[in-house]
Amino acid sequence: SGDVVPSWYSLSFQVYFTLTASNVAFVYWSHDIGGHISPSPPELYTRWIQWGIYSPIFRTHCTKDYNNDRRIWVYPYENYKIMRKAMRHRATMVPYIYTEARVAYDTGVGIVQPMYYWAPEHPQAYSYKDQYFFGSQLIVSPIVAPMDNATQLSIKSIWLPEGDFISWSTGEWIHGTVEINRSFSLSETPVFVKAGSIIPMKHDFDVLGSAQVIPDVLKLLIFPGNNNSSEYTLYEDDGHSTKYQAATPEHATQTYKVNVINRQALQVIVGAYVGQKFDGRPESRGYELHIFGCWPAEHVRVDGSKVIPYVPWVKLNMDSDNKDFWSYDGRYVCLHMLIMPLR
């Protein structure tokens, strides 16, 4: 992106330029997150990090100067905590980002897509220039202006196309097509999930530096929609070689399906691996399911017969007992399941 001057204008323009670069198949380019040639103020750098985790390449960088630093731990503690959480969230999203990167490889359509790719008939798809689809499941509308000094909040105008969307930070269910105004604290980023989405992720512990490690327990974030069924296909390879391009490509896919049987029953189907074995692929895989927007279950079954036990959410460590269980988090109206790998 060049030697960018740190400013709110630069941040806003980089969002716009990145999504429009997809129009000319320039879908992977990196930014000097936070700007390059001079110090980046804490609020600006925090917002730049929050946008960067939803960009094709996440890279902080600046010129060599003792007054100019991009290490997050040299910033005020509150900003450090927010930026650290954002960076860890980026790391947990690797299975989703890598899958969407494979889609970009196969189709030429980048992971960052302007709104008019999905809703070309709507004028708002062109006028809302700083929001975009991040892959097929998420709409991101980064904060690109300073917050109000009095309220310590940022007000953002957002347009959502036809369909139903869920605010990732609040769980609010929003029916499109609609223009909305919402307030966001410094710790919040406007991200909206398409209803019916299934988002594969890693655990949120020990994730930094593990991008090339294929998880043996995969987290699935499930947002059931009004349709009776939805699905998502995960892509994986060894993460470090070009064997995915071999005559017999070493990669595999796995499809996950959600069937809303009725208002009282929901079924999650984990498909078999399709493709070739590759280095690092687990022989057996466990799953941590987070099903949003549902009430506590009467019972949870695995393979249609095995009933797994309920464990209260209070002080629950998702892997503490190394056994299958389910729980419920009323804060997010979310049912959790942990199915451990077969050993």
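Structure first, text after, so check above.
Residues numbered from 1 in each chain as written. Predicted model: local features only at pLDDT ≥ 70, side-chain atom pairs only at ≥ 80, totals over all residues. Heavy atoms only, no water.

With 54 residues, the main nonpolar core has Tyr54, Tyr132, Phe134, Leu138, Trp168 and Ile199 as its most contacted residues. It is helix 2 (residues 42–52) that provides the largest number of residues to this core, a total of five residues. Listed in part, the 16 residues of the second largest apolar core include Met115, Ala125, Ile174 and Phe192. (Core = buried A, V, L, I, M, F, W, Y, C linked by side-chain atoms within 4.5 Å. Buried < 20%, exposed > 50% of the residue type's maximum accessible area, 1.4 Å probe, protein only. Helix = DSSP H or I, 4+ residues; strand = E, 2+ residues; numbered from the N terminus.)

Moving on to unusual backbone geometry. The omega torsion across Gly176 and Thr177 is 10 degrees, close enough to zero to call that bond cis. Turning to its location among the elements, Thr177 is positioned in strand 5 (residues 173–184). Even without being a glycine, Ala25 presents a positive backbone phi close to 60 degrees. By secondary structure assignment, the location of Ala25 is in the loop between helix 1 (8–21) and helix 2. What makes Ala25 exposed here is its relative accessible area of 56%. Residue Val333 is not a glycine yet carries a positive backbone phi of 50 degrees. Mapped onto the fold, Val333 is located in the loop between strand 16 (325–329) and strand 17 (334–339). With a relative accessible area of 33%, Val333 lands in the partly exposed category.

What follows covers the sheet that holds strand 3 (residues 138–140). Overall, antiparallel pairing links the six strands, which are arranged 1-2-3-6-4-5 in an open sheet. Single-partner strands in this sheet number two, and they are strand 1 (112–114) and strand 5. Each strand of the sheet is rotated relative to its neighbour by a mean of 25 degrees, with strand direction disregarded. One ladder, built from three bridges, connects strand 1 with strand 2 (residues 132–134); its direction is antiparallel. Directly across from Val112, in strand 2, lies its bridge partner Phe134. (Pairing = 2+ DSSP bridges. Axes fitted to C-alpha atoms, helices over the stretch in contact; angles between N-to-C directions.)

Everything listed is a geometric property; what it means functionally is a separate question.
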